[in-house]
Amino acid sequence: MYRIVAKKEVAPAVKSLTIDAPLLAKKARPGQFIIIRIGEEGERIPLTIAGLDVQQGTITTIFLEVGKTTKQLGCLNEGDAISDLAGPLGNPTEIKNYGSVVCVGGGVGVAPLYLVAKALKDAGNEVISIIGGRTKELLIFEDEMQQASDELYIATDDGSKGHHGFVTDVLQELIAKQKIDRVLAVGPTVMMRAVAKVTKNHNIKTIVSLNPIMVDGTGMCGACRVTVGGETKFTCVDGPEFDAHLVDFEELMNRQRTYITEEKVALERCGRCRH
Amino acid sequence: MPSLKKQPMSEQEGDKRIHNFDEVALGYTPEQAITEAKRCLQCAKPGCTQGCPVGIEIPAFIRCIADEDFEGAIRVIKKRNNLPAICGRVCPYENQCEKFCVLGKKGEPEGIGRLERFVADYERKKGIQIPEKAEATDKRIAIVGSGPAGLTVAADLAKLGHDVVIYEALHESGGVLIYGIPEFRLPKDVVKAEIEYVKQLGVDIQTNVVIGKTISIDELREEFDAIFIGTGAGLPHFMNIPGENLCGIYSANEFLIRTNLMRAYKFPEYDTPIKVGKRVAVIGAGNVAMDSARVALRLGAEDVRIVYRRSEKEMPARAEETAHAKEEGIKFEFLTNPIRMAGENGWVKQLECIRMKLGEPDESGRRKPIPIEGSEFALDVDTVVVAIGQKPNPLIAKMTKGLRITEKGAVWVDENGRTSIEGVFAGGDITTGAATVIEAMGAGKKAARAIHEHISR
Ligand SMILES: Cc1cc2nc3c(=O)[nH]c(=O)nc-3n(C[C@H](O)[C@H](O)[C@H](O)COP(=O)(O)OP(=O)(O)OC[C@H]3O[C@@H](n4cnc5c(N)ncnc54)[C@H](O)[C@@H]3O)c2cc1C
Ligand code: FES
């Protein structure tokens, strides 16, 4: 069992859990993820790592309550435990001094991006971050991103904070203004696809962190397969980060929808959670 | 003169069993077992024992059954085999022990597999006995992977008094026995009971530990006196044809992991979903393909077809599995090779195929399939399962410097299961590619002996 040592509500329907996992805390690097299972009947789902504390032996993960499993997870409290947690999985982000790096984060994707931005800054990069959300309340990790970045821009779909519009609008402006050596994007697939489109025109190397459906997370099933540069890759072992300009985003988005009907059925049965 | 035929074993009827996941073969009654045991000729030089990869003294255990000493029988088996209820269900006896049985020359061979299953089940129902162990040593061994190879090494070394820890990447131990082979062929309670036996021997099983990620082989070497790698052949092959990433197309591994390990057949009581339409095509004709096809039927498919590029004669599946599949109404498209998967709204709708004919034998000795020009046709499908084989798991190889790998991606070992790294051993599917439970156990036994020697120096 893996004990929850802290729980926070970061934004409406966005929760943060800090979990006791000493082996993992020692090993995990920015960009990696974990697979969890709540209990006997539970499914295995991947979650990104948003925080590490080697001394305490804990890792933190931040998630949006969308389906049955994340809703159930959001109902757990400090002192509760989940039955399974495996990782760190996937390859860490490649951290080097690239020069000027733009980190684009959307929704809960901002949380794992924070670790990456911090590592990039520590490596000597100029880090410019753009974070976005539907509305002001859904923005997370603003202070943390401020600290990890030389400049921080905000975009909200409804204009309640920062730029009224998409993160890609801000990115366009930045690119017009200055030389950008690399872009990293973590967030909803549509956002990553949009970022890839913008940077492709300017030939700026762009890395995205993909979030397909997964089962084992160790390369055994191929549920997480994506097409990158015309080849099939397993996101859990070959990724999760790939060259954005080579990713077949349409295919990924199609595969992500495989179980929408079943997800609804499961959610309806989720009686334990009252929100 | 013994009867020419084996005692038949009762089974769930074909039309009933396709609606449930309960075990198909029901096992012998004590009377049937005794009658079958009495057929054995008790050869002075038994071929059967030589045909057994773990060397069970077969005539001796069968003699015990004939004498109605079932406990004696299980003691004989367990001297060599730690997982008899599993082997008694999934071993390809026809290629091993039973192949060498003298009775098989005139009639059917002795039902060795069925008898092994009978005594193992008898013991499980009565309560499994834990044997005496050697005095505790101060040696520690780490085992990577809890499939039949890892469990065998663990049990053998624990019996010798060593301190053994198994690290398993998944949340449940058992390897293919748990995630791959379906409930109706190998009930998970049977697997769990045999794993419980290994634990009772003092083996510590740590799940959710991915070696190479959570802990590296080098870190294990610092803490343990020896290491055994038994990570299996878990990497699924795909066809690499257009349309393969449409929704509704599964690797056999994903299809079986969802169903067996995650219990998707009990969705929504269990959270993991699986989607099976009315028409299912399973590509490949090995045991994994038969299992996938039979699972598809039980998940509600109406028309399940095996699509195989060679003919019935070349099928790698065990005859018994193919027979079961046929009884259940699985259809076969022999000499047929898929060339494209076509979709609608992102979901697979058709499997485009070409008919094949057989040419000259290839390096595997089987006649090579050649496409017949102009014979293209399409099968309407809702679901496709790709069951064309698995490769050795590449993770540890990738993450461990100095570990020699063969051209086929397997971990290289010498005849005693030693890898290229001192103190690191390996066996099972990770060294051979996808093979059998009993071969993995045989490799495990050999490695356990080599490890014992290595650490007792
Ligand atoms: C569907 C199916 C049906 C089959 N039917 C039969 C049959 O009827 N009869 C028969 O004899 N054989 C059958 N086989 C083959 C047989 O199951 C295998 O040959 C056998 O299980 C191999 O054993 P193993 O111990 O080498 O590996 P596995 O059983 O594959 O076990 C390997 C274990 O290692 C774990 N692992 C992998 N990587 C790591 C890591 N980095 N860290 C920690 N753990 C790790 C895996 O999760 C797994 O649990 C079948 C196989 C399949 C897939
Ligand atoms: S999640 Fe199974 S292979 Fe990636």
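Residues numbered from 1 in each chain as written. Chains lettered and ligands numbered in written order. Predicted model: local features only at pLDDT ≥ 70, side-chain atom pairs only at ≥ 80, totals over all residues. Heavy atoms only, no water.

1. Points about the pattern of salt bridges
Residues and elements named next belong to chain B.
- Across all of its chains, the model carries 54 salt bridges over all chains by this definition.
- The salt bridge involving Asp303 is made with Arg305; its shortest N-O contact spans 3.0 Å.
- One continuous salt-bridge network, built from bridges that share partners, spans Glu11, Arg17, Glu94, Arg185, Asp291, Arg294, Arg298, Arg318, Glu320, Glu321, Glu327 and Glu328. (Salt bridge = Lys/Arg side-chain N within 4 Å of Asp/Glu carboxyl O.)

2. Here's the deal with the interface of chain B and chain A
- Listed per partner, the contact involves 42 residues of chain B and 48 residues of chain A.
- Taken over both partners, the interface formed by chain B and chain A buries close to 3,800 Å², and the fraction arising from carbon and sulfur atoms is 52%.
- Sorting the residues of chain B by area buried against chain A places B:Lys213, B:Asn245 and B:Asp271 first, and these three jointly supply 19% of that buried surface.
- The partner of A:Glu262 in a salt bridge is B:Lys275, with the nearest N and O atoms 3.0 Å apart.
- For the interface between chain B and chain A, the tally reads 26 residue pairs in polar contact (both at pLDDT 80 or more).
- Among the elements that make up the side of chain B that touches chain A, the one with the highest residue count is helix α13 (residues 252-261) of chain B (four residues).
- Per-class residue counts for the side of chain B that touches chain A are 20 nonpolar, 13 polar and nine charged. (Contact = heavy atoms within 4.5 Å. Buried area = accessible area lost by both parts, 1.4 Å probe. Polar contact = N/O pair within 3.5 Å; in protein donor to acceptor, adjacent residues only side chain to side chain. Helix = DSSP H or I, 4+ residues; strand = E, 2+ residues; numbered from the N terminus. Nonpolar A, V, L, I, M, F, W, Y, C, P; charged D, E, K, R; others polar.)

3. A word on the site of ligand 1
All names here are of chain B.
- Not every one of the 36 residues close to ligand 1 is listed here, only the nearest: Val90, Ala149, Glu168, Arg185 and Asp429.
- A distance of 2.6 Å separates a nitrogen atom of ligand 1 from a polar atom in the backbone of Val90.
- In the model, an oxygen atom of ligand 1 is placed 2.9 Å from a nitrogen or oxygen of the Val437 main chain.
- Within the complex, 97% of the 1,000 Å² of free accessible area of ligand 1 lies under protein.
- Contributions of two or more residues to the shell around ligand 1 are made by α9 (148-159), α14 (287-298), α16 (395-399) and α18 (437-456).
- Tallied by class, residues from the shell around ligand 1 come to 20 nonpolar, 12 polar and four charged. (Near = heavy atom within 4 Å. Areas by Shrake-Rupley, 256 points an atom, 1.4 Å probe, with all protein chains shown as cover.)

4. Focus on the domain arrangement of chain A
All names here are of chain A.
- By the assigned domains, chain A splits into domain 1 (2-89) and domain 2 (100-256).
- Placing the centre of domain 1 and that of domain 2 at their C-alpha centroids yields a distance of 21 Å.
- Each partner contributes residues to the interface: domain 1 has 18 residues there, and domain 2 has 19 residues.
- Here domain 1 meets domain 2 over a buried area of about 1,500 Å², counting both sides, of which 73% is carbon and sulfur.
- Where domain 1 touches domain 2, the interface holds zero salt bridges.
- Here domain 1 and domain 2 share two residue pairs in polar contact (both at pLDDT 80 or more) between them.
- Within the residue set of the side of domain 1 that touches domain 2, elements represented by two or more residues are β1 (2-11), β3 (33-37), β4 (45-48) and β6 (58-64).
- Its residues assigned to classes, the side of domain 1 that touches domain 2 shows 14 nonpolar, three polar and one charged. (Domains from an automatic or database assignment.)

5. Regarding the sheet that holds strand β14 (residues 206-209) of chain A
All names here are of chain A.
- Reading across the sheet, the seven strands line up as β12-β11-β10-β9-β13-β14-β17 and stay open at both edges, with mixed pairing between neighbours. Each of the sheet's edge strands pairs with one partner strand only, and the pair in question is β12 (163-164) and β17 (241-243).
- Alignment of strand β9 (residues 100-106) against strand β13 (residues 182-186), held across five bridges, turns out to be parallel. Each bridged residue has a counterpart across the sheet, and for Val104 the counterpart in β13 is Ala185.
- In the packing of helix α3 (residues 110-122) onto the sheet, contacts are made with β9, β10 (126-133) and β13, and the angle to β9 comes to roughly 170°. (Pairing = 2+ DSSP bridges. Axes fitted to C-alpha atoms, helices over the stretch in contact; angles between N-to-C directions.)

6. Describing the sheet that holds β4(A)
Residues and elements named next belong to chain A.
- Strand order in the open sheet formed by three strands is β4-β3-β8, and the pairing between neighbours is antiparallel. Where the open sheet ends on each side, the last strands, each with one partner, are β4 and β8 (84-89). Along the sheet, successive strands turn relative to each other by an average axial angle of 30°, direction set aside.
- Taken together, the four bridges between β3 and β4 define a ladder with antiparallel strand orientation. Considered in β4, the bridge of Ile34 is made with Leu47.

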